[in-house]
Amino acid sequence: MPEPEHWMSPARFEEYLVAANRSPEAALELYQWNVQVSAGFFELISYVEVALRNAVDNILTPLEVTPTARIDMASGWWFASPTFLEDEALKFYEAARRHLGSKAQTASRDKLLASMTFGIWESIFGKKDYEELFRKHLVYAFPNRPAGFTRSSVRTNVLALRNLRNRIAHHQAIFDLPLEERYEQALDLLGWIDLDLQDLVRHASRVQDLLDARPLAAEPIAVIVPAKHAWSFYQEHGVYICQPERYF
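These lines cover the structure that appears in this document, whether it is placed above or below. Computed from a prediction, not measured in an experiment: that's the story for all the values here.

Rules used throughout
- Residues numbered from 1 in each chain as written.
- Predicted model: local features only at pLDDT ≥ 70, side-chain atom pairs only at ≥ 80, totals over all residues.
- Heavy atoms only, no water.
- Helix = DSSP H or I, 4+ residues; strand = E, 2+ residues; numbered from the N terminus.
- Phe/Tyr/Trp six-rings, centres within 6.5 Å; stacked < 30°, edge-to-face > 60°.
- Buried < 20%, exposed > 50% of the residue type's maximum accessible area, 1.4 Å probe, protein only.
- Core = buried A, V, L, I, M, F, W, Y, C linked by side-chain atoms within 4.5 Å.

Backbone geometry at Arg 22 places phi at a positive 70°, although glycine is not the residue there. Relative to the helices and strands, Arg 22 is located in the loop between α1 (10-19) and α2 (24-60). If you check the backbone angles, His 171 has positive phi at about 60° while not being a glycine. Within the fold, His 171 resides in the loop between α7 (151-169) and α8 (179-193).

Printed below as a string of structure tokens:
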């Protein structure tokens, strides 16, 4: 077995050791599984990001000022226009231009839209400033929305997936997150947009198989109450619950 300390910092490996009850072999197995499930979620989120981007764009593009009435072509695009977005959201367009560098001058509308980060969706669906835009227009980007569907319904899932995506992008541990919930949140977003797409992704994604194959060290950890409350907890419930392969 390769020695993790030769290629990974002790601080990074420590959280895997803790979860694996100080077993280096189990910790390395957990690390490898974390890499695999991270890759699976990154694939899944890519479907969500593309589908969400195009669903919103399909709704807002018809509301843009016609090209012949614009002084500057880009100023009419919804994702670059203060007519549609507040300054906080417009920064994602500016960031996309900076990312493209000199190519931004000749980049197509689609290229610039695709270059914006996932954070724009958290901004649009997360702020009450866009409530009217949501009620009048954005809600129709989700034709299969359930009863009681609100802007918050989208925001909750988008925020959860954005945070997950950021942790994956920085190669951080995700085994301690509620991954089954994140999987369902991604599929829900896809289903609200297109049920056929949801079905395609459900069958194409390897996330569920990876979740089913999680190592014991990645199983959810029970929260143990502080020692001063432990006896009363045991008297009430008659049980202690501990992570597999751990002991008192």
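Counted according to the given criterion, the structure contains 12 aromatic pairs. When the ring of Phe 125 is compared with that of Phe 142, the centres are 5.9 Å apart and the planes differ by 65°; the resulting orientation is edge-to-face. Of the two residues, Phe 125 sits in helix α5 (residues 119-126) while Phe 142 sits in the loop between α6 (131-136) and α7, which places them 17 residues apart along the sequence. Taken individually, Phe 125 and Phe 142 each receive the classification buried, so the pair is uniform in this respect. Of the aromatic side chains, those joined through ring pairs into one cluster are Trp 77, Trp 78, Phe 79, Tyr 93 and Trp 121.

This part is about the nonpolar core. In this structure, Phe 41, Trp 78, Trp 121 and Phe 125 are the most contacted members of the largest nonpolar core, which totals 73 residues. Counting residues per element, this core draws most heavily on α2, which supplies 15 residues.

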